[in-house]
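Residues per chain are reported as follows:
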Amino acid sequence: MRALLLDDDELVLTMLGTRFKKAGYETSLATSISEAMHLLNTRSFDVLVSDAVLQDGIPSAVIDRFQQLSGGPTVVCSGYSKNDPLLSKLKTESAIFFQKPFSIDDLINRLSELRQAA
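Residues numbered from 1 in each chain as written. Predicted model: local features only at pLDDT ≥ 70, side-chain atom pairs only at ≥ 80, totals over all residues. Heavy atoms only, no water.

**Brief notes about the side chain of Asp 51**
Of note, Asp 51 is situated in strand 3 (residues 47-51). Judged by relative accessible area, which is 7%, Asp 51 ranks as buried. Separated by 3.3 Å, the side chains of Asp 51 and Lys 100 make a polar contact. Those residues in contact with Asp 51, other than ones at most four positions away along the chain, are Leu 6, Asp 7, Asp 8, Pro 59, Cys 77, Ser 78 and Lys 100. (Helix = DSSP H or I, 4+ residues; strand = E, 2+ residues; numbered from the N terminus. Buried < 20%, exposed > 50% of the residue type's maximum accessible area, 1.4 Å probe, protein only. Polar contact = N/O pair within 3.5 Å; in protein donor to acceptor, adjacent residues only side chain to side chain. Contact = heavy atoms within 4.5 Å.)

Set out below in structure tokens:
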């Protein structure tokens, strides 16, 4: 399984990458929307995990592109409430929402459950 992990906080990204690798995922890390779009256009991914608000904007285009290419699980993580007006710009109907702080193990377990159900 290949996971694209997108977060502008390098510490969070490193922690996610380490845990996903331990869980058996091949990971690619992106700290910006443009970097994530480049990765999506050059590699295939089974899972996308993205922060909801990045320094360079809201990653709607990344999520839309991932869904066009893969259709795999999309996880949106945010320190904001799911009902925050800022997040209303983000199409999260097809995404799993995780409120920060969250357990990375819970996130990985949820993705495993989705794979088994598919």
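**Regarding the nonpolar core**
The biggest cluster of nonpolar side chains holds 17 residues, and the ones touching the most others in it are Leu 4 and Val 62. Elements supplying a minimum of two residues to this core: strand 1 (2-6), helix 2 (33-42), helix 3 (60-69) and strand 5 (95-99). Looking at this core, the element that brings in the most residues is helix 2, giving 4 residues. With residues near it in sequence (within four places) discarded, Leu 4 still touches Ser 28, Ala 30, Ala 36, Leu 39, Leu 40, Phe 45, Val 47, Leu 48 and Val 49. (Core = buried A, V, L, I, M, F, W, Y, C linked by side-chain atoms within 4.5 Å.)

**Some details on the packing of aromatic side chains**
By the definition in use, this model includes 2 aromatic pairs. Arranged with centres 5.5 Å apart and planes meeting at 65 degrees, the rings of Phe 98 and Phe 102 form a pair that is edge-to-face. (Phe/Tyr/Trp six-rings, centres within 6.5 Å; stacked < 30°, edge-to-face > 60°.)

**Concerning helix 3**
Two residues of an α-helix separated by three or four positions point the same way, owing to the 3.6 residues in each turn. Considered for burial, the residues of helix 3 that qualify are Ser 60, Val 62, Ile 63 and Phe 66. The buried residues of helix 3 all sit within an arc of 165 degrees when viewed along its axis, so they share a single face. Taken together, the buried residues of helix 3 touch strand 1, helix 2, strand 3 and strand 4 (74-78). In the segment just after helix 3, Gly 71 is the residue with positive phi, at about 75 degrees. (Arc of directions from axis to C-beta.)

**Comments concerning the environment of Asp 46**
Within the secondary structure, Asp 46 is located in the loop between helix 2 and strand 3. Along the chain, Asp 46 and Ser 70 lie 24 residues apart, while their C-alpha atoms are 6.3 Å from each other. Sequence-distant contacts of Asp 46, that is, excluding residues within four places in its chain, are made with Met 1, Arg 2, Phe 66, Ser 70, Gly 72 and Pro 73. Within the local environment of Asp 46, its side chain forms a polar contact with the backbone nitrogen of Arg 2, the two atoms lying 2.7 Å apart.

**Observations regarding the sheet that holds strand 1**
Pairing in this open sheet of 5 strands is parallel, and the strands run 2-1-3-4-5 from one edge to the other. A single partner strand is all that each edge strand has here, and the edge strands are strand 2 (26-30) and strand 5. Between one strand and the next, the sheet's axes are offset by a mean angle of 20 degrees, whatever the strand orientation. Pairing geometry for strand 3 and strand 4, over 4 bridges, is parallel. Across the sheet, Val 49 pairs through a bridge with Val 75, a residue of strand 4. Helix-sheet contacts for helix 4 (residues 104-117) involve strand 3, strand 4 and strand 5, and the interaxial angle to strand 5 is about 160 degrees. (Pairing = 2+ DSSP bridges. Axes fitted to C-alpha atoms, helices over the stretch in contact; angles between N-to-C directions.)

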